[in-house]
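Each chain is listed here by its residues.
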Amino acid sequence: MLWFGCFATASRALSRNHAREETEMKHNWKLPAALLCAILLFGCAQGGAAGASSVPAASAPAPSSAQTAPENGLEPVSSSVLADLERRAAALADLCRPWLAGQQAGDAGALRAALEEAGEPVLVPEHSGVSALSGAPDAFSAFRQAALSGQNARLEAVSVAESGHVYLVSYYLEGSGAFCAQARLEYDETGAAHPGGPGQTDIENWQFTEKGNLIFELALSPLHEDGHSMLRAQPVPQAFQDAAAQYLDTVGYRDNDLFSKNWQAGDMGDVCLNDAFDAMTRLATGQDYSPADSAAPSFVPAEAFEQALCQYLPVTPSQLRAQAGYDAEAGGYPYLPYGVAYWAVLPEMAPEVTNVQEHADGTLTLAVDVACMRRGTDRLFTHELTVQPGGDGTFRFLSNRIVWQDSARMPQYHTRLSGYEATAA
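Nothing here was measured: the structure is a model prediction, and the numbers come from that model. (Residues numbered from 1 in each chain as written. Predicted model: local features only at pLDDT ≥ 70, side-chain atom pairs only at ≥ 80, totals over all residues. Heavy atoms only, no water.)

## Notes on the packing of aromatic side chains
Heads up, the rule is: Put simply, two rings from Phe, Tyr or Trp (the six-membered ring, in Trp's case) pair if the centres are within 6.5 Å, and we call them stacked under 30 degrees between planes, edge-to-face over 60, tilted for the rest. We count a stretch as a helix when DSSP gives it H or I for four or more residues in a row; a strand needs E for two or more, and each element gets its number in order from the N terminus. Type-normalised accessible area, obtained with a 1.4 Å probe on protein chains alone, sets the label of each residue: buried when under 20%, exposed when over 50%, and partly exposed for intermediate values. Comment: the charge-over-ring label is applied if NZ (Lys) or CZ (Arg) is within 6 Å of the ring centre and within 35 degrees of the ring normal.
Under the defined criterion, the tally for this structure stands at 18 aromatic pairs. Centroid distance F277 to F305: 5.3 Å. Interplanar angle 15°. Geometry classified as stacked. In this pair, F277 is assigned in helix 7 (residues 273-285) and F305 in helix 8 (residues 302-312), connecting sequence segments 28 residues apart. Each member of the pair F277 and F305 is classed as buried. The ring of Y326 carries the charged tip of R321 above its face, separated from the ring centre by 4.2 Å.

## Overview of the sheet that holds strand 10 (residues 263-264)
Think of a sheet as strands paired side by side through backbone hydrogen bonds, with each pair either parallel or antiparallel. Selection rule: Think of it this way: DSSP has to see at least two bridges between two strands before they count as a pair. Any two residues whose heavy atoms approach within 4.5 Å at even a single point are treated as in contact. Axis lines are fitted to C-alpha atoms, over the contacting stretch for helices. Their N-to-C directions set the angle, which ranges from 0 to 180 degrees.
Taking strand neighbours across the sheet as the criterion, the 5 strands line up as 10-16-15-14-13 in an open arrangement whose pairing is antiparallel. Looking at the sheet topology across the chains shown, the edges are occupied by strand 10 and strand 13 (350-358). In this structure, strand 15 (residues 377-389) lies alongside strand 16 (residues 395-405), joined through 9 bridges in antiparallel fashion. The partner of E384 across the bridge, within strand 16, is R401. Taken strand by strand, helix 6 (residues 238-247) contacts strand 13, strand 14 (364-372), strand 15 and strand 16, and its axis lies near 105° from that of strand 13.

## Section: the nonpolar core
Stated precisely, the cut-off is as follows: By convention a nonpolar core is built from buried Ala, Val, Leu, Ile, Met, Phe, Trp, Tyr and Cys residues, the set being connected through side-chain atoms within 4.5 Å.
The biggest cluster of nonpolar side chains holds 48 residues, and the ones touching the most others in it are M280, L313 and F397. Broken down by secondary-structure element, the contributors of at least two residues to this core are helix 6, helix 7, helix 8, strand 12 (332-335), strand 14, strand 15 and strand 16. In terms of residue count, the dominant contributor to this core is helix 8 (6 residues).

## Thoughts on helix 3 (residues 79-100)
For clarity, the cut-off: Take the number of residues in a helix, subtract one, and multiply by 1.5 Å to get its expected span. Bend is the name given here to the angle between axes fitted to two runs of seven residues, the run ending at a residue and the run starting at it.
Along its 22 residues, helix 3 runs just 26 Å from first to last C-alpha, ending more than 12% under the 32 Å computed at 1.5 Å per residue. Along its length, helix 3 shows its largest kink, about 65°, at A93. Looking at the buried residues of helix 3, the elements they touch are helix 4 (108-117), strand 4 (153-160), strand 5 (166-174), strand 6 (177-187) and strand 7 (193-208).

## Structural notes on the pairing of strand 9 (residues 228-232)
Most of strand 9 is tucked away: 5 of the 5 residues are buried. Side chains of strand 9 alternate between two faces, with H228, M230 and R232 and S229 and L231 buried alike. Here strand 3 (residues 130-134) pairs with strand 9 via 3 bridges, running parallel. Its bridge partner lying in strand 9, V130 is registered against M230. The pairing of strand 8 (residues 214-218) with strand 9 spans 4 bridges and is antiparallel. Note that in strand 9 the partner of I215 across the bridge is M230.

## Some points on the environment of N205
Short version of the rule: Polar contacts here mean pairs of N or O atoms no more than 3.5 Å apart (in protein, one a potential hydrogen donor and the other a potential acceptor; neighbouring residues in sequence count only if both atoms are side-chain atoms).
Residue placement: N205 occurs in strand 7. Separated by 23 residues in the primary sequence, N205 and H228 have C-alpha atoms spaced 9.5 Å apart. For N205, the side chain forms a polar contact with the side chain of E217, separated by 3.0 Å.

## Notes on the pairing of strand 5
Among the 9 residues that make up strand 5, 8 are buried, leaving the element largely enclosed by the rest of the structure. Of the pairings in the sheet, the one linking strand 4 to strand 5 comprises 8 bridges and is antiparallel in character. Residue A157 lies in a different strand from strand 5, and its bridge partner there is V169. Counting the residues in the hairpin turn of strand 4 and strand 5 gives 5 residues, including G164, whose phi is positive at 100°. With 8 bridges connecting them, strand 5 and strand 6 associate as antiparallel partners. Across the sheet, residue S170 finds its bridge partner in strand 6, namely A181. The turn linking strand 5 back onto strand 6 is made up of 2 residues.

## Remarks on the pattern of salt bridges
Note the cut-off: By convention in these notes, a salt bridge is any Lys or Arg side-chain nitrogen within 4 Å of a carboxyl oxygen on Asp or Glu.
Counted according to the given criterion, the structure contains 23 salt bridges. Between K211 and E352 there is a salt bridge, with the nearest N and O atoms lying 2.8 Å from each other. One end of the pair, K211, is in the loop between strand 7 and strand 8; the other, E352, is in strand 13, with 141 residues separating them in the sequence. Residue K211 pairs with D369 through a salt bridge whose shortest N-O separation is 2.8 Å. Linking K211 in the loop between strand 7 and strand 8 with D369 in strand 14, this pair joins segments that are 158 residues apart in sequence. It is possible to trace a salt-bridge network through shared partners that takes in D84, R87, R88, E120, R154 and E156.

Next up, the structure:
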């Protein structure tokens, strides 16, 4: 559901209730879209594909003359797509009715489990722009093989919002065009199920990856969020998702270079520690750092800077002062906020933890493949991050090692202060 949110924007003013429904639909749609994008853009399919296969999308099927544009901001669907959605709604009616009738309201997890147990393909969000198909592995395999052999391919799935609302999601990869269609599962006064607010958006390009995923790009307005997404053929194990959420997601890959450089205790390499300050502050306080001026370079007081970085990285204050441009006269470290005066040129990246090794001393080493949907790969680079978990849920980063990288597609990181001169706040 989450991935389709990228393009579910209303074309006119909506009431507050209608706006809430649209926001939820947009959130729910983004998950499928992210999954599809990720699989399509990467490169080549697993299971017999000799190389990458991509197909540019042509115009989506023309809508039937009787259908008007949907109010959710999507394009109208054709009569044949509408028939597919109606068939899916009827097939899922009895299974979903107890939840949608309020008998188990809000229990989205239980509904997803029930759908998976019934053999229904379910879209599960894993990361921003990335979703996975759970519950029916054969469905994705058949979809991929049909697409790679040049046949019309359709993947039908279900997405469940946290509110319990159910969305019907279908991906179409056809000679006449690639697109993604959605509708909300609704019931009329007689109890019959039907697809509510059906709509679709074009997929501008798609590609199956070497790891068997689908990366694709939704045809979104420039005012919308990035349409690049990935659909995993199967979910990452929950333990690995939890490790990514705890150790990787808060730091991320866009506004600092902590995970894309080699470093260890006593040698932080050429990591920009000034740019890492934001992430370390979020870890330490749960909040973003608030500079005096959010649009200009300034100095972070030495105590605040050193406390945040020394708590989570294997550095000492003296090492920071030698490497991070400490200014004794200003009593702090040069700093430029991320977002106003500086926007990272790095594309969105999503980590996939592939292994967690526990050592005898209690430390953990995470093996991580980093996907970049915009660059069309689910393995832009691989790194190994070692951390020291604390007994109270805290932790400390110990080292990072780049195992492999796709040098041709690896973006260059530019530090925030490049071209700027810090001035005392």
